[in-house]
Each structure stands twice: as structure tokens, then as C-alpha cells.
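Below, each chain spelled out in residue letters.
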Amino acid sequence: MSAVDQSRRSFAAWVGFLLTAVAAGAAIPSQGRVNSELAAEVDDPFLAALISFSTGLILMLAIAGLTPRGRRTLREVRPALRRGEVRWWYLLAGCIGGYFVLAQSLTIGIIGVAVFTVAVVTGQTLGGLLWDRIGLGPAGRKRLNTVRVLGALLTVLAVLWTVSPQLGGHTGAWTWLLLVIVPLTAGFTNSAQQALNGRQSAAYGSPIPATLINFVAGTAVLVIAYLVKLLVSGAGEALPSTPWFYLGGPLGCVFIGLGAVLVTRVGVLLAAMGMIAGQLIGSLMLDLVAPAPGTVITTATVLGTLLTLVAVVIASLPDIRRTR
């Protein structure tokens, strides 16, 4: 293969990574919008989170059980466990997803979406740096060079700039600070979830089993949380009849499945950064097409979103050069 053909293939692979990351990330704000509307409708964020995971679980059961690839790759789970390619605790990665959803339900109403986003992104970025450094993901250890660290720092600054018009003063500083730690740890552990999903997908030859196992574990955690909530404060409203209220789970399947594929190919940090860019782009498009009450789109919102893409390009430069 000539150097020109190799460069073209490298560039095409990089564009494919960027598009996949944007698609995966864009599913997050869409899922958040659906789940927040559902929570308001049923007057119960715990039930809304459980419904979201349950619909995702039903979809993944159908995909895994009714498609030839799903059935074939599900048979790879036990051999991968016996060979040691997948440790038993990898199967608990979906519990992190349950924690992430609960973090949304418990803190956004107090600290706001903007602060929640900054805290989660900071956690995801720090986690991506750490998990790549210790080799938790399927790509193994990745050296933390200046370019990667600069790209990670630029991502956090870009997100902070993007949401800056929505940041406001808060009362009860210590309480507020403690609540910020919840989404920070949710983002940090979420990047570990993607790393473990990537390891499973590499072992099984498909993201289908890992995605299904994630929804099984996450649903189990949320069932327990909802039962505790029932004992404390009782049930909320009746289930809604509007069909799109139940799309949160399928959107979660997109995010988890594509995220597992990305981690396998580019590592935890780049996958997290790419999906962060997709999350901001998806949020911007959602606010333009179907704005929520009180939505504010400013120059900082647009330029900050574009800056996340610049950060991803900067951080991925070493990988592009290495493939040439």
C-alpha cells in the first residue's frame, strides 16, 4: 500500500471515529430530555430512571435473542470468562450507569444542568486520563503526553465556556459543593464503565452482550433504589401513554453500544472527549430545533461547542501520525 493510500485510510478512520463519537454523545442530551420530561410526568425521578433502563433492557433482550449475531456473540460470554479475558466484576459495569442516572435525578434540580455538565465532563476527562494511563481499557496503557493532557484540559475549558451563560449564584456553598461531588464521581466512574464495556466488546467480538449485561446490572440497581423510595415516600403518578416518553432506554443503548466500540479503537480518553463534543453538539441542535423553556443560546454556547471539537482534534493528533 502506498503512503498516499495509507494516509487516506488513516484520515477516513479518523473521520469515522469523529462521526461515531458525535452520534454516541448526541444520544445523551436527547435521553436526558426524554427522561426529565418523563420524571415530571410521573412525578418520580426514580421511576423515570427505572423505566428508562427497563425499556433499554427489553430492546437489548430482543436484539440479543432475535438476531443471529446477538445469539452468536452471547455464546462468547462464558468462554471469555473462563479464559480470563473478562473478569466477573466487568459484568457489574452497568451499575455505574444506574448511579449516573440517579446522580442526574438527585442533583440537577439543586445545582442546575450547567454545573452538572461541567462536573460530569471534568470527571469523565480525569477518568479518561487515569484509565488510559493504567490500561483499564482494551487498548492497553496509553502514554499521557503533552498533547493529550492539553486536549483534555481544553475540553473542560470549552464545556465551561459553553455553559457559562447558564451559571449563576448558589446559596448554601458547602451543601452545593458536596452535591457537585456526586456528578463529578459519576463522570469519573462513567469513563471506567466505558473502559470495561470496551474490554468486554473486544472479548466477545461485538458490543451487543456488553450492552445487554449493562442494562441488566443497571436495572437491578434501580429496582432496589425504587423499592427503597417506595418504602420512604410511596408511589408517584400513573404511567404516561405518550410513546416518546419511553425512548430514553433505546437512546441509552446507542450511547453504551457505540461508546464500547469507540473505547476499543481509540482508548478511554479520546472516546470520552469525542462523546463530550457530541453531547454539546446534540444539546445545541436540540435547543435549536425543540428548545426547552428558558433555553439560552449565546455566542459562548456556539463557540464553546466548536472548541470541544478542536480539543478532540488536538488530542487525536498523535494517533493520526502513528498510523501513517
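Thresholds, definitions, all that
Residues numbered from 1 in each chain as written. Predicted model: local features only at pLDDT ≥ 70, side-chain atom pairs only at ≥ 80, totals over all residues. Heavy atoms only, no water. Phe/Tyr/Trp six-rings, centres within 6.5 Å; stacked < 30°, edge-to-face > 60°. Helix = DSSP H or I, 4+ residues; strand = E, 2+ residues; numbered from the N terminus. Buried < 20%, exposed > 50% of the residue type's maximum accessible area, 1.4 Å probe, protein only. Expected span 1.5 Å × (residues − 1). Contact = heavy atoms within 4.5 Å. Core = buried A, V, L, I, M, F, W, Y, C linked by side-chain atoms within 4.5 Å.

**Some words on the packing of aromatic side chains**
Line of reasoning, step 1. Going through the model one piece at a time under the given rule, you end up with four aromatic pairs.
Line of reasoning, step 2. With centroids separated by 5.4 Å and ring planes inclined at 55 degrees, the aromatic side chains of Phe-53 and Phe-215 adopt a geometry described as tilted. Taken as a pair, Phe-53 in helix α2 (residues 45–66) and Phe-215 in helix α9 (residues 208–233) lie far apart in primary sequence, 162 residues in all.
Line of reasoning, step 3. Given the relative accessible area of 7%, Phe-53 is considered buried.
Line of reasoning, step 4. Classification of Phe-215 by relative accessible area gives buried; the value is 2%.
Line of reasoning, step 5. Judged by centre distance (4.8 Å) and plane angle (90 degrees), the rings of Trp-89 and Tyr-90 are edge-to-face.

**Section: helix α11 (residues 268–289)**
Line of reasoning, step 1. Helix length check: α11 (22 residues) gives 31 Å between terminal C-alpha atoms against 32 Å at 1.5 Å per residue, within 8%.
Line of reasoning, step 2. Taken across its 22 residues, α11 has 16 buried, putting it largely inside the fold.

**Some points on the side chain of Gln-194**
Line of reasoning, step 1. Tracing the chain through its elements places Gln-194 in helix α8 (residues 173–204).
Line of reasoning, step 2. Non-local contacts of Gln-194, meaning those with residues more than four positions away in its chain, are made with Phe-255, Ile-256, Gly-259, Ala-260, Val-263 and Met-275.

**Focus on the nonpolar core**
Line of reasoning, step 1. The biggest cluster of nonpolar side chains holds 62 residues, and the ones touching the most others in it are Phe-17, Tyr-204, Phe-215 and Leu-262.
Line of reasoning, step 2. Not counting chain neighbours up to four residues away, the residues in contact with Phe-17 comprise Leu-262, Val-266, Leu-270 and Val-312.
Line of reasoning, step 3. If you look at the next biggest cluster of nonpolar residues, it comprises six residues, including Val-118, Val-159, Ile-276 and Leu-280.

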